[in-house]
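Here's the letter readout for the chains.
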Amino acid sequence: MLKMGGGFNLGKLFGIQFRLHYTWFIIFLLITVSLSWQVFPVSYPGWSQSVYWTIGIVTSLLFFTSVLAHELAHSLVGRVNGIPIKSITLFIFGGVAQMTREATKASAEFKMAAAGPACSLVIGGVFAIVWVLTRGVIEPVSAMALYLAYINVVLAAFNLIPGFPLDGGRVFRSLMWRFSGNYQRSTRIAARLGQGVAYAFVLGGILIMVFFQEWIGGLWLVFIGWFLQNAASASYRQAQWQEAIHGITASQVMNSHYTTVPPNITLKHLVEEHVLPTGQRFFLVADESGFKGILTLRNIKSAARPDWDKTPVAQVMVPADQLKAARPEQDVLSIMAEMNENNINQMPVVRDGQVIGLITRDNLLRALRTRTDLGM
Ligand SMILES: [Zn+2]
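Residue numbers here run from 1 along each chain, matching the order of that chain's written sequence. Confidence filtering applies because this is a predicted model: local features only for residues at pLDDT of at least 70, side-chain atom pairs given and counted only at 80 or more, and all residues used for totals across whole chains, interfaces and linings. By convention in this description, side-chain values take in all heavy atoms of the structure and omit both hydrogens and water.

Participant: Can you walk me through the overall build of the protein chain in this structure?
Facilitator: Helical segments are the DSSP runs of H or I of at least four residues, strand segments are the runs of E of at least two, and each set is numbered from the N terminus. Secondary structure summary: the protein chain contains 13 helices and 10 strands in total. Summary of the burial criterion: residues with accessible area below 20% of their type's maximum are buried, those above 50% are exposed, and those between are partly exposed, where the area comes from a 1.4 Å probe applied to protein chains only. When each of the 376 residues of the protein chain is scored for burial, the buried share is 46%. In the structure as shown, the protein chain presents an accessible area of about 19500 Å², 62% of it carried by carbon and sulfur atoms. Under the counting rule used here, the positive set is Lys and Arg, the negative set is Asp and Glu, and His together with the chain ends is not counted. Throughout, a charge is located at the NZ atom of Lys, the CZ atom of Arg, the CG atom of Asp or the CD atom of Glu. Of the side chains in the protein chain, 30 bear a positive and 21 a negative charge, and the two mean positions are spaced by 5 Å. For every accessible area listed, the method is Shrake-Rupley and the probe measures 1.4 Å; residues are considered covered only by the protein chains on display.

Participant: Looking at this structure, I do not really get the packing of aromatic side chains. What am I missing?
Facilitator: Working definition: an aromatic ring pair is given by the centre-to-centre distance plus the angle between the planes. For Phe, Tyr and Trp, where Trp contributes only its six-membered ring, two rings pair if their centres lie within 6.5 Å, and the inter-plane angle classes them as stacked under 30 degrees, edge-to-face over 60, or tilted in between. Evaluation of the coordinates by the stated rule reveals 13 aromatic pairs. Each ring, one from Phe63 and one from Phe64, has its centre 5.0 Å from the other, and the planes form 55 degrees; the classification is tilted. The same class applies to Phe63 and to Phe64, which are both buried. One aromatic cluster in this structure is built from Phe40, Tyr44, Trp47, Tyr52, Tyr147 and Tyr150.

Participant: Help me out: how do you make sense of the pattern of salt bridges in this one?
Facilitator: Two side chains with opposite charge may pair up if their charged atoms get near one another. A carboxyl oxygen of Asp or Glu within 4 Å of a side-chain nitrogen of Lys or Arg is what we treat as a salt bridge. For the coordinates displayed, the defined rule picks out 6 salt bridges. The salt bridge partner of Glu109 is Arg170, with a shortest N-O separation of 3.4 Å. Taken together, the positions of Glu109 in helix H3 (residues 106–134) and Arg170 in helix H5 (residues 167–180) put the pair 61 residues apart, joining distant regions of the chain. Assigned by exposure class, Glu109 and Arg170 land together as buried.

Participant: Just checking my understanding: could you explain helix H1 (residues 23–43) for this structure?
Facilitator: Side chains of residues three or four places apart in an α-helix project in the same direction, reflecting 3.6 residues per turn. Its 21 residues give H1 an end-to-end C-alpha distance of 29 Å, which sits within 8% of 30 Å, the value for a rise of 1.5 Å per residue. What is called the bend at a residue is the angle between a pair of axes, fitted to the seven residues leading up to and ending at it and to the seven starting from it. The axis of H1 is deflected most strongly, by about 45 degrees, at Leu35. If you check which residues of H1 are buried, you get Trp24, Ile27, Phe28, Ile31, Thr32, Leu35, Ser36 and Phe40. Whether two residues are in contact is decided by their heavy atoms, any of which lying within 4.5 Å being enough. Residues of H1 that are buried in the fold lie against strand S2 (16–20), helix H2 (49–80), strand S3 (85–91), helix H4 (139–159) and helix H7 (215–245). To estimate how far a helix should reach, multiply one less than its number of residues by 1.5 Å.

Participant: Hey, could you run me through the packing of H2 against H4 in this one?
Facilitator: Between two packed helices, what matters for the description is the angle formed by their axes and the separation of those axes. In this analysis, axes come from line fits to C-alpha atoms, helices being fitted only over the stretch in contact, and the angle between any two N-to-C directions falls in the range 0 to 180 degrees. Contact pair H2 / H4: the axes reach a minimum separation of 10 Å and the direction vectors enclose 30 degrees. By the angle class used here, H2 and H4 are roughly parallel. Considering the relative orientation of H2 and H4, their crossing is right-handed. From H2, Val51, Ile55, Val58, Thr59, Leu62, Phe63, Ser66, Val67 and His70 reach across to H4, where they touch Pro140, Met144, Tyr147, Leu148, Ile151, Asn152, Leu155 and Asn159. Residue polarity is assigned by list, with Asp, Glu, Lys and Arg as charged and Ala, Val, Leu, Ile, Met, Phe, Trp, Tyr, Cys and Pro as nonpolar; anything else, Gly included, falls into the polar class. Considered class by class, the residues forming the contact of H2 with H4 number 12 nonpolar, 5 polar and no charged. An angle counts as roughly parallel when it lies under 35 degrees, as roughly antiparallel when it exceeds 145, as roughly perpendicular when it falls between 65 and 115, and as oblique in every other case. Crossing handedness is read from the near helix: turned anticlockwise from the far helix by less than a right angle, it gives a left-handed crossing, and turned clockwise, a right-handed one.

Participant: Help me understand the coordination of the zinc ion in this model?
Facilitator: Note on metal geometry: ideal angles are 109.5 degrees for four donors arranged tetrahedrally and 90 or 180 degrees for six donors arranged octahedrally. For Na, K and Ca the donor cutoff is 3.2 Å, while for all other metals N, O and S atoms must lie within 2.8 Å; water is not among the atoms, so some sites may look incomplete. Coordination of the zinc ion by the protein is provided by His70 (NE2), His74 (NE2), Asp167 (OD) and Asp167 (OD), with metal-donor distances spanning 2.0 to 2.7 Å. Between 85 and 135 degrees for all angles marks four donors as tetrahedral; over 155 degrees for opposite donors together with 65 to 115 for all other angles marks four donors as square planar and six as octahedral; every other arrangement is irregular. Coordination geometry of the zinc ion: the 4 donor atoms subtend angles of 54 to 153 degrees at the metal centre, consistent with an arrangement described as irregular. Along the chain, the residues that donate to the zinc ion are spaced as H-x3-H-x92-D. Taken together, the residues span about one helical turn, with His70 and His74 both in helix H2 at a distance of 4 residues. When sorted by exposure, His70 lands in the same class as His74, which is buried.

Participant: I keep staring at the nonpolar core and nothing clicks. Help me out?
Facilitator: Generally speaking, nonpolar side chains in soluble globular proteins are found buried as a group. Buried Ala, Val, Leu, Ile, Met, Phe, Trp, Tyr and Cys residues that are joined via side-chain atoms within 4.5 Å together make up what is termed a nonpolar core. Core analysis: the biggest nonpolar cluster contains 38 residues, and Trp24, Ile31, Phe40, Trp47, Phe63, Phe64 and Leu228 have the highest contact counts within it. For this core, the elements supplying multiple residues, two or more each, are H1, H2, S3, H3, H4, helix H6 (183–212) and H7. Counting residues per element, this core draws most heavily on H4, at 8 residues. For Trp24, the residues in contact, after removing those within four places along its chain, are Phe64, Leu90, Phe91 and Ile92. Formed by 18 residues, the second largest nonpolar core is a distinct cluster that contains Val253, Met254, Met336 and Met347.

Participant: Could you clarify how one ought to interpret the environment of Leu368 in this entry?
Facilitator: For Leu368, the position within the fold is in helix H13 (residues 361–373). Between the alpha carbons of Leu368 and Val253 there is a distance of 7.4 Å; along the sequence they are 115 residues apart. Excluding residues within four positions of it along the chain, Leu368 makes contact with Trp241, Ile245, Ile248, Val253, Val332 and Met336.

Participant: What should I look at first to understand a nonpolar patch on the surface in this one?
Facilitator: A surface patch of nonpolar side chains, amounting to about 640 Å² of accessible area, comprises Leu203, Ile206, Leu207, Val210, Phe211 and Phe212. Relative to the helices and strands, Leu207 is located in helix H6. Patch members must show over 30% relative accessible area and no salt bridge, and they are joined within 9 Å when carrying like charges or within 5 Å when they are nonpolar side chains of Val, Leu, Ile, Met, Phe, Trp or Tyr.

Participant: What am I meant to see in the environment of Ile300 here?
Facilitator: As for its position among the elements, Ile300 is in helix H10 (residues 297–301). Taking the C-alpha atoms as reference points, Ile300 and Asn340, separated by 40 residues in sequence, lie 22 Å from one another.

Participant: I tried to follow the pairing of strand S7 (residues 290–296) on my own but got confused; where do I start?
Facilitator: Within a regular strand, the side chains alternate between the two sheet faces. Between any two strands, at least two bridges found by DSSP are needed for them to pair. Relative to S7, strand S6 (residues 282–287) runs antiparallel, the two being bridged by 6 bridges. Note on S7: the bridge partner recorded for Phe283 is Leu295. Hairpin connection between S6 and S7: a loop of 2 residues separates the two successive antiparallel strands. Strand direction decides the pairing type here: S7 and strand S8 (residues 318–319), joined by 2 bridges, are antiparallel. Counterpart to Ile294 in the pairing with S8 is Val318.

Participant: Would you mind going over the packing of H2 against H3 with me for this structure?
Facilitator: In the contact formed by H2 and H3, the axes pass within 8 Å of each other and the chain directions differ by 140 degrees. In the packing of H2 onto H3, the handedness of the crossing is right-handed. Packed against H2, whose contacting residues are Ser66, Ala69, His70, Ala73, His74, Val77 and Gly78, the element H3 presents Lys111, Met112, Ala113, Ala115, Gly116, Pro117, Cys119, Ser120, Ile123 and Phe127 at the interface.

Spelled out as structure tokens, the structure:
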């Protein structure tokens, strides 16, 4: 899964947050300049400068709208099939949809992965029709439509290359998963294939530079290969890791060594009497009437330090009604998915209405690391 930091929000569509990564501007500029300066003037001499630039900019914008539509197709089909999508980010190599959990059924993954390239093919077809209709009538519009038809077909074809994490790799994984029933193993094979594809891109880029002196095109392939290699390796490691923690339950990694503190003590009191002497990083907040919430170092730091002596614990804790609880027998993968989905960092483990332990993101990762280090 890709993490994209940096960039800004464009707004929401169908409940999905759209974001532009900073690197997007580089590619937008490159495409606009190459279209307005080279592609269109070479193929269609005789337009005025302002027409080259207007058509160049509009074509670029429509191209990125096409990329967005591709990602949106993944997202909407994913959502219908039970894979919620949080955000879509456009960056230098295209778009990334951020899923909050992976597909749990091979058929869902197949439909979701195939939806993007299918959408690009449809868009390509629509532009091809526009091209046919405007050919010989309005040249700038037909030129733009032809380019967009072509680039959308290229987009579909590129994404159908069967190396994970490209769409084709996901389609490939879903088919393998469907027939073998083994999700993690299918992911590992698809990711290895993705690494192979990535190296082929790097090699192809180098060969193009050496033999054809196509520096920009060659370098571009090398960059894409490098990016794919990173993503494929990350997917491989993730699959390996998921295999390792498969079957581990909340009760095995939860922390049951915590102190219960009353809601009315101040943060200063808490820090001086409990946090510093024991090194504990989270606390259960409860009074005679029962469980009130939980409190981590992060919550303490949310209050300015000068205010610690007048801020009661209850004011900064995560109250019980905002907490999602985990069951002791719940597996940790689904707990992590729930944490991601709800943007939370901690979950109490509850049995028969009683808190029997706490799981925080940090302590979950630490517990899992310890088990892996011990070879468990
Ligand atoms: Zn796609």
